[in-house]
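Per-entry structural report
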Amino acid sequence: MAHAPEQDPATSDLGEERPKWDNKAQYFLSCIGFAVGLGNIWRFPYLCQTYGGGAFLIPYVIALVFEGIPIFHVELAIGQRLRKGSVGVWTAISPYLSGVGLSSVTLSLLISLYYNAIVAWVLWYLLNSFQHPLPWSSCPPDLNRTGFVEECQGSSAVSYFWYRQTLNITADINDSGSIQWWLLLCLAASWAVVYMCVIRGIETTGKVIYFTALFPYLVLTIFVIRGLTLPGATKGLIYLFTPNMHILQNPQVWLDAATQIFFSLSLAFGGHIAFASYNSPRNDCQKDAVVIALVNSMTSLYASIAVFSVLGFKATNDYGHCLDRNILSLINEFDFPEQSISRDDYLAVLMHLNATWPKRVAQLPLKFCRLEDFLDKSASGPGLAFILFTEAVLHMPGAPAWAVLFFGMLFTLGLSTMFGSMEAVITPMLDVGVLPRWVPKEALTGLVCLACFLFATCFTLQSGNYWLEIFDNVAASLNLLILAFLEVVGVAYVYGMKRFCDDIAWMTGRRPSPYWRLTWRVVSPLLLLTIFVAYITLLSQKPLSYRAWNPKYELFPTRQEKLYPGWVLAACALLSLLPLLWVPGVALAQLLTRQRRTWRDRDARLDTDTS
């Protein structure tokens, strides 16, 4: 039978009532907004298309059922039951595990630094979308105004706007370059917006979240409706979801599916623990975990339809232009009448000319045009948002309006995720009393946001994009895997499975089923351990490298593969270890403190006996 707590943790700290959500919708939308982020738009569709379309959903669903939902349930349950942020939760479970909470806070800070830098990039594109024609629609003229800028002609107008006019990127990470003032202003504006929204915690974010969490769904719906009416949209969707079951033999597919679920749900950040701590103690956290996780996954599928219907239109458009250039070459070479060769007749005409005039055809600069090759030109991350999708938007009637909608959606998605990241930092600080209690919460929030802005200015340097990739690939991945493993093991084996199940029964009115208990005890820890080993194995197989944008590279506009210099590798090692150092450090400090207390008690007893 579930035990009744002796004291409600909501009022156990300093006798003060903990803030609560105004209603269940605020909490639900906050969790959705934190979980559904940029990765749902620009990473899941890429993985789904890369790894066999519909076949990728098999490892994805397996990872969701046995890794994502169980760990998500753990975070919501311990936050709601213990009514504290991540540091307070893990200190309550065991003082030796306090470092897990501190690691989550440190990691959330690091991730917030570069995540809001991406939001700043989105803001820059959003502001530039309010003009016609769009600034990335054509190459700028050169200094003599006799032609176009050579770098732009050698790549594309879209790539030039991203790499040169936005990032003004250097060709090597050793060359830091200068701060780009337009990015600095956008970064300052992004942090100012975040501060205004999180200034009073859930009191303010709970109001804003209605817009930031729901607006992306409105825009996605508009893009789905418009995308499905574009020529070539169905070809993009067929290519996306056509299953290739043989791809499942590749272990990389299973690794990417597991990590996508993990990062998409924002596990181990501490944000969901903080959000759940403001819930009513009797809230059904089990149902919340399942519903929010399913909504997050369905959003990824919904976003895939929107993205690849538009990219299918772009591929069809590019394929048509490729055929048109070849047709024009044939017409000019053989003096055919204009428009005498249609796209449908091109292959038949080419085969006939190849049979009758092979030498003349061989001398022509004909490109090999295949629709699948254009559909293969997919990308994830900033490459999808700032290059592929922006180029696709150019081909749509009313391009500026679609650009405003797209980047407005990304901006609100980024803000919603930032709310959770900042809550994961500020809530534990308030719980442990970092500042005196007379200092208002608004001041603490302002200090955190200001410090983050100052540290994040490194991403506005000309080499900032390289450093952002380092933070994303090194600081986040490894630390989150280890922290999630410590979370589920800490709850199952330190807090105790029986005690945890009793708590859930007290909160929800029913005990966890064998599925939950088995995943918490065995399946999820083993799965996380397997992912960790596979991740380390992949890292050790090849040296860390980055892809530089170098106009002087002989294969330009292909990005040049370069190895990181030694000092950058040292920074990578520091970033990957820094958050986790709290775990052994705090445990060791607790052990020494307890040992010192034992010795002091022993000396006191000896003094008493001798006297």
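Residues numbered from 1 in each chain as written. Predicted model: local features only at pLDDT ≥ 70, side-chain atom pairs only at ≥ 80, totals over all residues. Heavy atoms only, no water.

**Considering the packing of aromatic side chains**
Under the counting rule described, the total for this entry stands at 40 aromatic pairs. With centroids separated by 6.0 Å and ring planes inclined at 80 degrees, the aromatic side chains of F34 and F269 adopt a geometry described as edge-to-face. Taken together, the residues span a long stretch of sequence, with F34 in helix α1 (residues 24–35) and F269 in the loop between α12 (251–264) and α13 (271–276) at a distance of 235 residues. For the residue pair F34 and F269, the accessibility class agrees, reading buried in each case. A centroid spacing of 6.2 Å and a plane angle of 75 degrees characterise the contact between F223 and F406, whose relative ring orientation is edge-to-face. (Phe/Tyr/Trp six-rings, centres within 6.5 Å; stacked < 30°, edge-to-face > 60°. Helix = DSSP H or I, 4+ residues; strand = E, 2+ residues; numbered from the N terminus. Buried < 20%, exposed > 50% of the residue type's maximum accessible area, 1.4 Å probe, protein only.)

**Brief notes about the confidence of the model for the protein**
Here the protein shows a mean pLDDT of 87. Residues at 70 or above account for 95%. Mean pLDDT values over the elements of the protein span from 78, in helix α17 (residues 371–375), up to 96, in helix α9 (residues 181–198). Low pLDDT, under 50, characterises residues 1–15; the predicted model gives this stretch 25 contacts beyond four residues in sequence or across chains. (pLDDT = per-residue confidence, 0-100. Contact = heavy atoms within 4.5 Å.)

**What about helix α10 (residues 202–228)?**
Across its 27 residues, α10 extends 38 Å between first and last C-alpha, which sits within 8% of the 39 Å expected from 1.5 Å per residue. The largest bend in α10 comes to about 45 degrees, at V208. (Expected span 1.5 Å × (residues − 1). Bend = angle between axes of the 7 residues up to and from the residue.)

**With respect to the side chain of H272**
Checked against the element boundaries, H272 lands in helix α13. Setting aside residues no more than four positions away along its own chain, H272 makes contact with C31, F34, A35, F72, E75, L76, L265 and S266.

**Structural notes on a nonpolar patch on the surface**
A surface patch of nonpolar side chains, amounting to about 630 Å² of accessible area, comprises Y493, V494, L518, V522, L526, L529 and V533. Those elements that provide at least two residues to the nonpolar patch are α21 (464–508) and α22 (514–541). No other element matches the five residues that α22 contributes to the nonpolar patch. Within the secondary structure, L526 sits in helix α22. (Patch = residues over 30% accessible without salt bridge, like charges linked within 9 Å, V, L, I, M, F, W, Y side chains within 5 Å. Areas by Shrake-Rupley, 256 points an atom, 1.4 Å probe, with all protein chains shown as cover. Salt bridge = Lys/Arg side-chain N within 4 Å of Asp/Glu carboxyl O.)

**Concerning the state of the cysteines**
Applying the stated criterion across every chain, the model contains two disulfides. Covalent S-S linkage joins C139 and C152, the inter-sulfur distance amounting to 1.9 Å. Measuring handedness by torsion sign, the sulfur bridge of C139 and C152 sits at about -85 degrees and is left-handed. Remark: C152 occurs in helix α7 (residues 150–154) and C139 occurs in the loop between α6 (98–128) and α7; sequence separation between them is 13 residues. Across the pair, exposure class does not vary: C139 and C152 are buried alike. Between the sulfur of C322 and that of C369 lies a disulfide, 1.9 Å long from S to S. A torsion of -80 degrees about the S-S bond marks the disulfide between C322 and C369 as left-handed. Of this pair, C322 sits in helix α14 (residues 285–334) while C369 sits in the loop between α16 (358–362) and α17; the two residues are 47 residues apart in sequence, bridging distant segments of the chain. Overall, the relative accessible area of 4% leaves C322 in the buried class. (Disulfide = S-S within 2.5 Å.)

**Let's talk about the packing of α12 against α22**
Between α12 and α22, the least distance of the axes is 10 Å, while the angle of their chain directions is 120 degrees. With respect to α22, the element α12 is oriented oblique. Considering only the axes of α12 and α22, their crossing is left-handed. Residues Q252, L255, A258, T259 and F262 of α12 lie in contact with α22, whose contacting residues are L528, I531, A534, Y535 and L538. (Axes fitted to C-alpha atoms, helices over the stretch in contact; angles between N-to-C directions. Parallel < 35°, antiparallel > 145°, perpendicular 65-115°, else oblique. Left-handed = near helix turned anticlockwise from the far one by under 90°.)

**Re the nonpolar core**
Membership of the largest hydrophobic core comes to 174 residues, with the highest contact counts inside it found for W191, F407 and L410. Considering every element that reaches this core, the biggest residue donor is α21, with 23 residues. Setting aside chain neighbours within four positions, we find W191 in contact with S112, N116, M418, M422, C449, C452, F453 and A456. Listed in part, the 17 residues of the second largest apolar core include A315, L323, I327 and C369. (Core = buried A, V, L, I, M, F, W, Y, C linked by side-chain atoms within 4.5 Å.)

**Considering the UniProt feature "binding site: Na(+)" (unreviewed entry) in the protein**
Taken from the UniProt record, the annotation "binding site: Na(+)" (unreviewed entry) applies to G33, A35, V36, N40, S264, N296 and L413. A maximum C-alpha distance of 12.6 Å among these annotated residues, which run over 381 residues, shows that they cluster at one spot. Residue placement: N40 occurs in helix α2 (residues 38–42). Given a relative accessible area of 1%, N40 falls into the buried group. Beyond its immediate sequence surroundings of up to four residues, N40 is in contact with A35, P45, S264, N296, S300 and A303. (UniProt positions renumbered as here; feature names shortened; annotations may be inferred.)

**So, the environment of L366**
Here L366 lies in the loop between α16 and α17. As a C-alpha pair, L366 and V158 span 208 residues in sequence and 24 Å in three-dimensional space. Discounting residues that sit within four places of it in the chain, L366 has contacts with N326, S329, L330, Y346, L350 and V361.

**Let's talk about the packing of α6 against α9**
One can describe the packing of α6 onto α9 by two numbers: an axis separation of 8 Å at closest approach and a directional angle of 110 degrees. Viewed along their axes, α6 and α9 adopt a mutual orientation that is roughly perpendicular. Taken as a pair, α6 and α9 cross one another with a handedness that is right-handed. Residues S112, N116, A117, V119, A120, W121, L123, W124 and L127 of α6 lie in contact with α9, whose contacting residues are W182, L183, C186, L187, A189, S190, W191 and V194.

**Digging into the pairing of strand β2 (residues 560–563)**
Of the two faces of β2, only the one carrying Q560 and K562 is buried; E561 and L563 on the other face are not. Bridge analysis of strand β1 (residues 545–548) against β2 gives four bridges, and the strand direction is antiparallel. Paired with A548 across the two strands is Q560, which belongs to β2. (Pairing = 2+ DSSP bridges.)

**Overview of the pattern of salt bridges**
Counted under the stated rule, the structure contains 15 salt bridges. For D256, the salt bridge goes to R43, with nearest N and O atoms at 4.0 Å. Taken as a pair, D256 in helix α12 and R43 in the loop between α2 and α3 (44–50) lie far apart in primary sequence, 213 residues in all. Accessibility expressed as a relative area gives 25% for R43, which makes it partly exposed. One continuous salt-bridge network, built from bridges that share partners, spans R200, E203 and E442.

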